[in-house]
2 protein chains.
Amino acid sequence: MTAQREKKSNPNERELFVKMAFGAWELQNSRLEALIEEFSDEQWRAETAPGKNSGAYLLGHLTAVGDGLLPLFGFRERLYPELEEMFLKNAEKSGLKKPAIADLKKYWRGVNLKITEYFRQMSAEDWFAKHVAVSAEDYAREPHRNKLNVLISRTNHQSYHLGQLAYLKVK
Amino acid sequence: MTAQREKKSNPNERELFVKMAFGAWELQNSRLEALIEEFSDEQWRAETAPGKNSGAYLLGHLTAVGDGLLPLFGFRERLYPELEEMFLKNAEKSGLKKPAIADLKKYWRGVNLKITEYFRQMSAEDWFAKHVAVSAEDYAREPHRNKLNVLISRTNHQSYHLGQLAYLKVK
């Protein structure tokens, strides 16, 4: 009981953790936003390396992953559920019709704006709560399986694909 | 004063956050280790994409960055200071003579083992202390500029290059 009360009594440190993880996420987002500003549609359509995913596919993929945070965190349903089939459940060569580059950019920004809007309403305590895909039993045993941990993991996922998107840069 | 005392009174949450950030770092390391097991020397020597860094250069680069954590965290001098010139201060095309692939693998593992050894001796509180490159004044103003934040940033940096190294996989 004492430990529980201590936890609740210390919002400052909790806020510091959130600031660190959230700051890393925002940094990766600003990097993707810079690429969106920089690349032409032709660059987005190009393969990041021979035989590898195009920039457009990776942009759709990152958007679909970000969109998935909305239901995972219990906020709302996905904004663009159709992206899941195109960019998460299927590879680029699936033959599924994909949105235009301008729409992909719009979707990424839309998802990012919506997530950020919800994130900004979260208290530091909310971040340490479990997400929808973890059972109460598992969470009691493994309290690190919280929303902040998902954010850390998604940030690394975005960094991974940013490393590939960087290959679209014109030397 | 009360806030300070509350901070020290809550090791559990601090440990939880360290576990999360440290877990993300270990996950990225295990991914690089898996590539070391998987790729042939020929694969390491290949460019990750036409005109882009070779696997070997990225491996040396990640090793040199990891090695830099030793002095940055105040543990000790670099294990392999010569890597800094080859893989941090100069691009691949510098013409500097580089180590053999077998040595690069050995260096990466050596650095990683040494860092992990030091990390495991750190208390959760140590992680929230400032690193060498931040002044006491800046740290007082921006307490998120601590060692754990550096680890989060380095983890994302490694993810970025892992996304590129993945392109060396044989389909």
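In this report, we go over the structure that sits alongside the text. Along each chain, residue indices are assigned from 1 in the same order as the chain's sequence is written. For this description, chains carry letters from A and ligands carry numbers from 1, given in the order in which they are written. Thresholds applied to this predicted model are a pLDDT of at least 70 for local features of residues and 80 or more for the giving and counting of side-chain atom pairs; totals over whole chains, interfaces and linings are not thresholded and use all residues. As a convention, hydrogens and water are excluded, and side-chain values are obtained from all of the structure's heavy atoms.

**Topic: the relation of the copies chain B and chain A**
For step 1, the next point in the chain: To superpose the copies, least squares is applied to the C-alpha atoms of every residue with a pLDDT of at least 70 in both. Least-squares fitting of chain B to chain A yields an RMSD of 0.1 Å, with the superposition described by an axial translation of 0.0 Å and a rotation of 180°. In symmetry terms, the pair is related by a two-fold rotation axis. For chain B, the residue whose C-alpha comes nearest the rotation axis is tyrosine 160 of chain B, separated from it by 2.1 Å.
For step 2, the next point in the chain: Contact definition: two residues touch when any of their heavy atoms are within 4.5 Å. Mapped onto chain A, 100% of the interface residues of chain B are again interface residues, and the two copies thus contact each other with one and the same surface.

**What about the nonpolar core?**
For step 1, the next point in the chain: Among the buried residues, those of types Ala, Val, Leu, Ile, Met, Phe, Trp, Tyr and Cys that are joined through side-chain atoms within 4.5 Å form a nonpolar core. Exposure is judged per residue with a 1.4 Å probe applied to protein chains only, and the accessible area is read against the type maximum: over 50% gives exposed, under 20% gives buried, and values in between give partly exposed. If you look at the biggest cluster of nonpolar residues, it comprises 95 residues, and the most contacted ones within it are Phe119, Trp127 and Leu148 of chain A together with Phe17, Phe119 and Trp127 of chain B.
For step 2, the next point in the chain: For phenylalanine 17 of chain B, the contacting residues outside a window of four places in its chain are Phe17, Met20, Phe128 and Leu148 of chain A together with Phe128, Leu148 and Ile152 of chain B.

**What about the side chain of threonine 48 of chain A?**
For step 1, the next point in the chain: Segments assigned H or I by DSSP are reported as helices when at least four residues long, segments assigned E as strands when at least two residues long, and all are numbered from the N terminus. Along the polypeptide, threonine 48 of chain A turns up in the loop between α3 (41–45) and α4 (55–72).
For step 2, the next point in the chain: Pairs of N or O atoms are called polar contacts if they sit within 3.5 Å, as long as, within protein, a hydrogen donor faces a hydrogen acceptor (for residues adjacent in sequence, only side-chain-to-side-chain pairs). Only 2.8 Å separates the side chain of threonine 48 of chain A from the backbone oxygen of asparagine 53 of chain A, close enough to count as a polar contact.
For step 3, the next point in the chain: Polar side-chain contacts of threonine 48 of chain A include one of 2.5 Å to the side chain of tyrosine 167 of chain B.
For step 4, the next point in the chain: Dropping the residues within four chain positions of it, threonine 48 of chain A is found in contact with Asn53, Ser54, Gly55, Leu58, Gln164, Leu165, Tyr167 and Leu168 of chain A together with Ala49 and Tyr167 of chain B.

**Re the pattern of salt bridges**
For step 1, the next point in the chain: For this document, the term salt bridge refers to a Lys or Arg side-chain nitrogen within 4 Å of an Asp or Glu carboxyl oxygen. All told, the structure shown has 26 salt bridges over all chains when counted by the stated rule.
For step 2, the next point in the chain: With its nearest N and O atoms 3.5 Å apart, the salt bridge here joins lysine 114 of chain A to glutamate 117 of chain A. One end of the pair, lysine 114 of chain A, and the other, glutamate 117 of chain A, are both in helix α6 (residues 101–121), three residues apart, so they sit about a helical turn from each other.
For step 3, the next point in the chain: A relative accessible area of 22% means that lysine 114 of chain A is categorised as partly exposed.
For step 4, the next point in the chain: With its nearest N and O atoms 2.5 Å apart, the salt bridge here joins glutamate 33 of chain B to arginine 109 of chain B.

**Digging into the environment of arginine 14 of chain B**
Residue and element names in this part refer to chain B.
For step 1, the next point in the chain: Mapped onto the fold, arginine 14 is located in helix α2 (residues 11–38).
For step 2, the next point in the chain: With a relative accessible area of 8%, arginine 14 lands in the buried category.
For step 3, the next point in the chain: Taking C-alpha positions, arginine 14 is 26 Å from valine 65, a pair spaced 51 residues apart along the chain.

**Some details on the layout of surface pockets**
For step 1, the next point in the chain: Within this scheme a cavity is a closed region of a 1 Å grid, computed over the protein atoms alone, that accommodates a 1.4 Å probe without allowing it to escape, whereas a pocket is open but has protein on both sides within 12 Å along at least five of seven lines; lining residues each have an atom within 4 Å of a point. Grid points are joined across faces, edges and corners, and a volume is the space filled by probe spheres set on the points. By volume, the largest pocket is sized at about 430 Å³.
For step 2, the next point in the chain: Forming the boundary of the largest pocket are 23 residues, of which Leu27, Gln28 and Arg31 of chain A together with Ser153 and Asn156 of chain B lie nearest the centre.
For step 3, the next point in the chain: Residue assignment for the lining of the largest pocket shows that the elements contributing at least two residues are α2 (11–38) and α9 (147–165) of chain A together with α9 (147–165) of chain B.
For step 4, the next point in the chain: By residue number, the principal contributor to the lining of the largest pocket is α2 of chain A, which donates ten residues.

**Topic: the interface of chain B and chain A**
When the parts of a complex come together, some accessible area is lost, and that lost area is often taken as the interface size.
For step 1, the next point in the chain: Counting residues at the interface gives 38 residues for chain B and 38 residues for chain A.
For step 2, the next point in the chain: Here the quantity called buried area is the total loss of accessible area, with a 1.4 Å probe, experienced by two parts when brought into contact, counted for both. Between chain B and chain A, a total of about 3,400 Å² is buried, with carbon and sulfur atoms accounting for 61% of that surface.
For step 3, the next point in the chain: When the buried area of chain B at its contact with chain A is split by residue, Glu13, Met20 and Tyr167 of chain B rank highest and sum to 21% of it.
For step 4, the next point in the chain: Between the two partners, chain B and chain A, sit zero salt bridges.
For step 5, the next point in the chain: Our enumeration of links across chain B and chain A arrives at seven residue pairs in polar contact (both at pLDDT 80 or more).
For step 6, the next point in the chain: Going through the elements one at a time, α1 (2–8), α2 and α9 of chain B are the ones with two or more residues in the side of chain B that touches chain A.
For step 7, the next point in the chain: Looking at which element gives the most residues to the side of chain B that touches chain A, the answer is α9 of chain B, with ten residues.
For step 8, the next point in the chain: Here the residues of the side of chain B that touches chain A are counted per class, giving 16 nonpolar, 14 polar and eight charged. Each residue is assigned to one class: nonpolar for Ala, Val, Leu, Ile, Met, Phe, Trp, Tyr, Cys and Pro, charged for Asp, Glu, Lys and Arg, and polar for all the others, Gly among them.

**Details of the packing of α9 of chain A against α9 of chain B**
Each pair of packed helices gets described by two things: the angle between the helix axes and the distance between those axes.
For step 1, the next point in the chain: In this analysis, axes come from line fits to C-alpha atoms, helices being fitted only over the stretch in contact, and the angle between any two N-to-C directions falls in the range 0 to 180 degrees. Taken N-terminus to C-terminus, the directions of α9 of chain A and α9 of chain B make an angle of 45°; their axes are 6 Å apart at the nearest point. Between α9 of chain A and α9 of chain B, the angle is such that the two are oblique. At the point where α9 of chain A passes α9 of chain B, the crossing takes the right-handed sense. Packed against α9 of chain A, whose contacting residues are Thr155, Asn156, Ser159, Tyr160, Leu162, Gly163 and Gln164 of chain A, the element α9 of chain B presents Thr155, Asn156, Ser159, Tyr160, Leu162, Gly163 and Gln164 of chain B at the interface.
For step 2, the next point in the chain: In terms of residue class, the contact of α9 of chain A with α9 of chain B is built from four nonpolar, ten polar and no charged. Reported orientations rely on four angle classes, namely roughly parallel under 35 degrees, roughly antiparallel over 145, roughly perpendicular from 65 to 115, and oblique for the rest. Working rule for handedness: look at the near helix, and if it is turned counterclockwise from the far one by less than a right angle, call the crossing left-handed; if clockwise, right-handed.

**Remarks on the packing of helix α4 (residues 55–72) of chain B against helix α6 (residues 101–121) of chain B**
Residues and elements named next belong to chain B.
For step 1, the next point in the chain: For the pair α4 and α6, interaxial distance at closest approach is 9 Å and the crossing angle is 25°. Between α4 and α6, the angle is such that the two are roughly parallel. Seen from above, α4 lies across α6 with left-handed handedness. Taken together, the residues of α6 that come into contact with α4 (itself represented by Ala56, Leu59, Gly60, Leu62, Thr63, Gly66, Asp67, Leu69 and Leu70) are Ile101, Leu104, Lys105, Tyr107, Trp108, Val111, Lys114, Ile115, Tyr118 and Phe119.
For step 2, the next point in the chain: Per-class residue counts for the contact of α4 with α6 are 13 nonpolar, three polar and three charged.

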